[in-house]
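Report on the structure
Take a look at the letters that make up each chain.
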Amino acid sequence: MIHGKTLQAWCSSHPLIEDLVALRETRWFNPHIAPAAQALADVGLSAADVSAASARLARFAPYLAKVFPDTATSGGIIESPLRPLPALHATLLQAAGLPASGSLWLKADSELPISGSIKARGGIHEVLKHAEDLALAAGLISLDSDYRLLASDQARQFFSQYKVAVGSTGNLGLSIGIMSARLGFQATVHMSADARQWKKDKLRAHGVSVVEYESDYSVAVEQGRQQAAADPSCYFVDDENSPHLFLGYAVAAERLVAQFEAAGIKVDAEHPLFVYLPCGVGGGPGGVAFGLKLIWGDHVHCIFAEPTHSPCMFLGVYSGLHDATSVQDFGIDNLTAADGLAVGRPSGFVGKAMQRLLDGYYTVSDETLYQLLVLAHDQENARLEPSALAGMPGMVKVLESPEYLTRMGLSAGRMERATHLVWGTGGSMVPEAEFAAYLAKGRD
Ligand SMILES: *Cc1c(COP(=O)(O)O)cnc(C)c1O
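Fair warning: this is a prediction, and the values are worked out from it, not measured in the lab.

Right, let's talk about the overall build of the chain for a bit. Secondary structure summary: the chain contains 20 helices and eleven strands in total. For the chain, the C-alpha radius of gyration of 21 Å lies close to 22 Å, the compact-globule estimate for 444 residues. Dimensions along the principal axes, computed over C-alpha positions, put the chain at roughly 60 × 55 × 45 Å. When the 444 residues of the chain are sorted by exposure, 60% land in the buried category. Contacts in the chain between residues at least 24 apart in sequence constitute 75% of all its contacts with a sequence separation of at least 6. Accessible surface for the chain amounts to roughly 16,100 Å². Of this, 53% is attributable to carbon and sulfur atoms. Charged side chains in the chain number 34 positive and 47 negative. The centres of these two groups are separated by 3 Å.

The structure is reproduced here in structure tokens:
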């Protein structure tokens, strides 16, 4: 029995569970989507909260530019480029036998400074929020101080009394660990078995303590949570439920507005925007999607992508069980090369908050991720880790779903003017040898 029903009963009430359990690539376009004007209230956070996060990142920008020289050219603002993918656009449409339509772009969060993944948004924001709260309470700074003060020996000494801990499959650990250690905190990262060695090595080189587990992400998070709970000087970054992570991700949307303007991309009723977001626990894609919906409302269509072996958000939302279930409950193994996405149990907060705001969910096999990794590299010179390719099949899945397009009023004319944006969530810091091995595997 699975949550009171047999698997067979689940498959007859929710037919796509059959595909999920068989590890077949599948998709679900959400019949419960509601107008953004109504559904944004489900989130319990507002545009003002996103603005506050954005203002905080701006206060810290001079500090970041000082301590992380790779952010100096952007004035300490952690942002990634937007790139067109004309060759891949043509290749993907042609392979699917589809006519030319719209345009395809990459949001290259793989190139975000400091930690080379989308986690440099939420993770770093949360550490900065905690540091700011402590420093304000101690009178070390006020809101209008020059935050470069926080790079002083005195400030580092102050932060060294405190600990920061997090559980991670790798990238969140990198962001939280590197940022915390730089401020002076004692940082501990609890790593799941699937985390890459180079990520552990990099953290240790930054003076972060890494605790390794032989089990998956949920266990690493739980262990970290328990150890932190026993120590009042320890702040635990809760990837499954944190509004500060979520808001850090959401700031991406206002930055994208300026990039779209510079690229001449319009988003309105006649120019729909589709955004394909790789989903692990859900905070990253959920936060970005929230920011996008606040700005573009019903003109932006957000779709989550997960590995066939780890479809936790798809399963949680589709079954209505949310974080009460895990993919393992349904016999799915949560073993995938997409390490940032190897999450068996979704965030309950994100799944529930976003369930009327997301257009759909789909799964993608590891084989497809590796093939796309090669294509993106060969045709567009993009350096993405397997997880970061999950958004790439989204455009074709949308174009091949006439029932969804019709239901949403997305006529052929509108789709010709559509922008498809793949969120490329990580990869620039993958070591050369590791990346060569990814390519070899994909070419195989
Ligand atoms: C963490 C991560 C994601 C997904 O973010 P969640 O908040 O876990 O949903 C996607 N891609 C990469 C590369 C990641 O590291």
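A separate point is the packing of helix α6 (residues 119–137) against helix α11 (residues 243–250). Put simply, α6 and α11 touch, their axes get as near as 7 Å, and they point 130 degrees apart. Between α6 and α11, the interaxial angle falls into the category oblique. Seen from above, α6 lies across α11 with right-handed handedness. For the pair α6 and α11, the contacting residues are Lys 119, Arg 121, Gly 122, Gly 123, His 125, Glu 126 and Lys 129 in the first and His 244, Leu 245, Gly 248 and Tyr 249 in the second. Per-class residue counts for the contact of α6 with α11 are two nonpolar, five polar and four charged.

Looking now at the site of the ligand. Not every one of the 15 residues close to the ligand is listed here, only the nearest: Lys 119, Asn 171, Gly 282, Gly 284 and Thr 425. One of the side-chain nitrogen or oxygen atoms of Lys 119 is found 2.7 Å away from an oxygen atom of the ligand. Val 281 places a polar main-chain atom, nitrogen or oxygen, 3.0 Å from an oxygen atom of the ligand. Protein chains bury 98% of the 370 Å² of accessible surface belonging to the ligand in isolation. A per-class count over the shell around the ligand returns five nonpolar, nine polar and one charged.

We now examine the UniProt feature "modified residue: N6-(pyridoxal phosphate)lysine" (unreviewed entry) in the chain. Here, the residues flagged by UniProt with the feature "modified residue: N6-(pyridoxal phosphate)lysine" (unreviewed entry) are Lys 119. Along the chain, the position of Lys 119 falls in helix α6. What makes Lys 119 buried here is its relative accessible area of 14%. Beyond its immediate sequence surroundings of up to four residues, Lys 119 is in contact with Ile 124, Asn 171, Leu 172, Ser 175 and Tyr 249.

Tallied over the full model, the rule gives 28 salt bridges. Close ionic contact of Glu 25 with Lys 397 constitutes a salt bridge, the shortest N to O distance being 3.6 Å. In this pair, Glu 25 is assigned in the loop between α2 (16–21) and β1 (27–29) and Lys 397 in helix α17 (residues 394–399), connecting sequence segments 372 residues apart. With relative accessibility at 35%, the residue Glu 25 sits in the partly exposed group. Among the residues examined, Lys 397 registers a relative accessible area of 9% and is labelled buried. For Lys 163, the salt bridge goes to Asp 231, with nearest N and O atoms at 2.6 Å. Placement of Lys 163 in strand β4 (residues 163–168) and of Asp 231 in the loop between α10 (217–229) and β7 (234–237) is noted, with a sequence separation of 68 residues between them. Here Lys 163 falls in the partly exposed class, since its relative accessible area comes to 28%.

Conventions adopted
Residues numbered from 1 in each chain as written. Predicted model: local features only at pLDDT ≥ 70, side-chain atom pairs only at ≥ 80, totals over all residues. Heavy atoms only, no water. Helix = DSSP H or I, 4+ residues; strand = E, 2+ residues; numbered from the N terminus. Rg over C-alpha atoms; globule rule 2.2 N^0.38 Å. Buried < 20%, exposed > 50% of the residue type's maximum accessible area, 1.4 Å probe, protein only. Contact = heavy atoms within 4.5 Å. Areas by Shrake-Rupley, 256 points an atom, 1.4 Å probe, with all protein chains shown as cover. Lys, Arg positive; Asp, Glu negative; His and termini not counted. Charge placed at Lys NZ, Arg CZ, Asp CG, Glu CD. Axes fitted to C-alpha atoms, helices over the stretch in contact; angles between N-to-C directions. Parallel < 35°, antiparallel > 145°, perpendicular 65-115°, else oblique. Left-handed = near helix turned anticlockwise from the far one by under 90°. Nonpolar A, V, L, I, M, F, W, Y, C, P; charged D, E, K, R; others polar. Near = heavy atom within 4 Å. Polar contact = N/O pair within 3.5 Å; in protein donor to acceptor, adjacent residues only side chain to side chain. UniProt positions renumbered as here; feature names shortened; annotations may be inferred. Salt bridge = Lys/Arg side-chain N within 4 Å of Asp/Glu carboxyl O.

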